[in-house]
Amino acid sequence: MQRTAINSIAFIAALAIGVAGGTYVVFDRAWTEPVMPQVADVIVHDPEADGFVPEFKNLPDIEYVLGTRGRIFDIYEDAIYPDSDHIAKNREEWFVLTKNDDAYSLNRSRAAIRPSSGPGYYDDVPNVELSFPLSGVQLFAVWDIPSLMPGSVDTLHLDDGTEEFYEQVAHGYRREFVLNGQTYILRTSQGLTVNGDKAAVVVLELNGKAQIIKQVHHWSEGRNLIGNLIWAGDLDGDGKLDIYLREFVEKCGNYVELHLSSLAKNGDLVALAAH
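All values derive from a computational prediction rather than experimental measurement.

**Student:** A description of the overall build of the protein should follow, citing residues and the corresponding values.
**Tutor:** The helix and strand inventory of the protein stands at one helix and 19 strands. The buried share of the protein, taken over its 275 residues, is 39%. Intrachain contacts of the protein at a sequence separation of at least 6 include 55% that bridge at least 24 residues. By element, 52% of the accessible surface of the protein is carried by carbon and sulfur atoms, the whole surface being about 17300 Å².

**Student:** Describe in detail the packing of aromatic side chains, supporting the description with residues and values.
**Tutor:** If you walk through the whole model with that rule in mind, you get four aromatic pairs. Consider the rings of Phe140 and Trp231, whose centres lie 6.0 Å apart with planes at 70°: the pair is edge-to-face. Of this pair, Phe140 sits in strand 8 (residues 137-143) while Trp231 sits in strand 16 (residues 227-234), placing them 91 residues apart in sequence. By the burial criterion, Phe140 is buried, and Trp231 matches it. Among the aromatic side chains, those forming a connected cluster through ring pairs are Phe73, Trp94 and Trp143. Of note, Arg71 hangs over the ring of Trp143, and the distance from its end group to the ring centre comes to 4.2 Å.

**Student:** Any chance you could break down the side chain of Ser189 for me, citing the residues and the numbers?
**Tutor:** Structurally, the position occupied by Ser189 is in strand 13 (residues 182-193). Note on Ser189: relative accessible area 14%, which makes it buried. For Ser189, the side chain forms a polar contact with the side chain of Glu55, separated by 2.4 Å. Not counting residues up to four positions away in its chain, the partners in contact with Ser189 are Glu55, Phe56, Ala199, Ala200, Val201 and Val203.

**Student:** So, unusual backbone geometry: which residues are in play, and what are the values?
**Tutor:** Although it is not a glycine, Asn207 sits at a positive phi angle of roughly 50°. The topology assignment puts Asn207 in the loop between strand 14 (198-206) and strand 15 (209-217). At Asn266, a position not held by glycine, the phi torsion is positive, near 55°. The topology assignment puts Asn266 in the loop between strand 18 (255-260) and strand 19 (271-274).

**Student:** Got a sec to walk through the sheet that holds strand 7 (residues 127-131)? Specific residues and values, please.
**Tutor:** Here we have three strands laid out as an open sheet, ordered 3-7-6, and antiparallel in their pairing. A strand with exactly one partner marks an edge of an open sheet, and here the two such strands are strand 3 (80-82) and strand 6 (112-115). Mean inter-strand twist for the sheet, computed between neighbouring axes without regard to direction, equals 35°. By the bridge criterion, four bridges tie strand 6 to strand 7 in an arrangement that is antiparallel. Counted as the bridge partner of Arg114 is Glu129 from strand 7.

**Student:** I'd love a proper account of the pattern of salt bridges, names of residues and values included.
**Tutor:** Counted by the stated rule, this structure contains 10 salt bridges. For Glu92, the salt bridge is made with Arg71, and the minimal N-O distance between the two is 3.4 Å. Of this pair, Glu92 sits in the loop between strand 3 and strand 4 (93-100) while Arg71 sits in strand 2 (residues 71-74), placing them 21 residues apart in sequence. On the basis of relative accessible area, Glu92 is assigned to the buried category, the value being 13%. Residue Arg114 pairs with Glu129 through a salt bridge whose shortest N-O separation is 3.0 Å. Separated by 15 residues along the polypeptide, Arg114 in strand 6 and Glu129 in strand 7 bring together distant segments of the chain.

**Student:** Tell me what's going on with the sheet that holds strand 2, and back it up with residues and numbers.
**Tutor:** Through backbone hydrogen bonds, the strands of a sheet pair up, either in parallel or in antiparallel fashion. Strand order in the open sheet formed by five strands is 2-8-4-5-9, with antiparallel pairing between adjacent strands. At either end of the open sheet lies a strand with only one pairing partner, and these are strand 2 and strand 9 (151-152). With two bridges connecting them, strand 5 (residues 103-110) and strand 9 associate as antiparallel partners. Residue pairing in the sheet places Ser105 in a bridge with Ser152 of strand 9.

**Student:** Before we move on, could you go through the nonpolar core and cite the residues and values that matter?
**Tutor:** In terms of nonpolar packing, the biggest core is built from 21 residues, with Leu97, Phe140, Trp231, Leu235 and Leu258 touching the most fellow members. When residues of this core are traced back to their parent elements, those giving at least two are strand 4, strand 5, strand 8, strand 16, strand 18 and strand 19. In this structure, Trp231 is in contact with Leu97, Phe140, Val153, Asp154, Thr155, His157, Leu158, Asp242, Ile243 and Tyr244, ignoring residues within four places of it in sequence. One finds Leu179, Ile213, Leu229 and Ala232 within the second-largest nonpolar core, a separate group that totals 20 residues.

**Student:** An account of the side chain of Glu92 is requested, with residue identities and associated values reported.
**Tutor:** Here the side chain of Glu92 touches Trp94 through a polar contact of 3.0 Å, side chain to side chain. For Glu92, the contacting residues outside a window of four places in its chain are Arg71, Ser109, Arg110, Ala111 and Trp143.

Rules behind the numbers
- Residues numbered from 1 in each chain as written.
- Predicted model: local features only at pLDDT ≥ 70, side-chain atom pairs only at ≥ 80, totals over all residues.
- Heavy atoms only, no water.
- Helix = DSSP H or I, 4+ residues; strand = E, 2+ residues; numbered from the N terminus.
- Buried < 20%, exposed > 50% of the residue type's maximum accessible area, 1.4 Å probe, protein only.
- Contact = heavy atoms within 4.5 Å.
- Areas by Shrake-Rupley, 256 points an atom, 1.4 Å probe, with all protein chains shown as cover.
- Phe/Tyr/Trp six-rings, centres within 6.5 Å; stacked < 30°, edge-to-face > 60°.
- Lys NZ or Arg CZ within 6 Å of the ring centre and 35° of its normal.
- Polar contact = N/O pair within 3.5 Å; in protein donor to acceptor, adjacent residues only side chain to side chain.
- Pairing = 2+ DSSP bridges.
- Axes fitted to C-alpha atoms, helices over the stretch in contact; angles between N-to-C directions.
- Salt bridge = Lys/Arg side-chain N within 4 Å of Asp/Glu carboxyl O.
- Core = buried A, V, L, I, M, F, W, Y, C linked by side-chain atoms within 4.5 Å.

Following this line, the structure appears as structure tokens:
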């Protein structure tokens with residue numbers, strides 16, 4: 001009886017303090033969410049308080065704004081793709097980056113597509129075999145980019161599918177590329193959107209000019225893996241750096257982007273050319 005009386009007095013005292021301060025929470029048993037008192041002022045959490053220091057602010061909302069007709073895809077060694085992807089049409093002309101020994105070149109070629117007898121990647125979806133009649137190792141194919149022309153291609157980095165060349169673009173990533181006497185820096189950083197959302201960004205720099213070429217949602221835990229660098233070099237032949245990135249997407253997704261210098265406007269270093 002004595003302990004029950006003490007507990008009752010303590011509960012009433014705590015309730016009285018809460019009412020006086022105006023900060024108590026009333027729970028409605030009919031709902032699982034608490035009914036909070038309305039307040040006039042909203043305090044926005046300072047992102048720097050949890051170690052997040054944004055280098056860039058007032059970034060646009062994080063969303064996929066493609067704005068390009070260009071298409072690009074990696075050429076797999078087995079040359080088999082799900083028919084549902086509609087990657088290319090039979091006899092459609094593409095540009096294909098190929099490797100012969102240590103030389104890289106961009107070549108026009110028409111896609112050859114035929115049904116595959118192997119099992120499908122997905123349920124009830126047949127495979128197709130896709131190939132280009134070209135010699136050498138075929139790396140990736142690009143379509144509908146007017147600034148591309150056939151010829152040799154300066155290549156500074158290539159992810160050939162082996163662990164040795166798999167380059168993750170994550171928090172703290174930084175790499176320099178020297179092309180025609182110019183030193184480019186590709187790195188990652190952090191930023192805030194106009195709505196206060198945290199973003200992980202990929203930045204390309206040249207001679208003090210910094211351009212954000214990709215931004216994704218920032219993860220509060222882990223390394224903020226944005227994706228990996230597939231290829232870097234001069235694909236369009238203008239003597240400037242071009243970048244080909246693959247974004248990390250959960251659930252077996254595969255989202256790639258090609259950024260070309262020849263399409264850049266308003267002082268930018270590159271522009272999205274294909275995805």
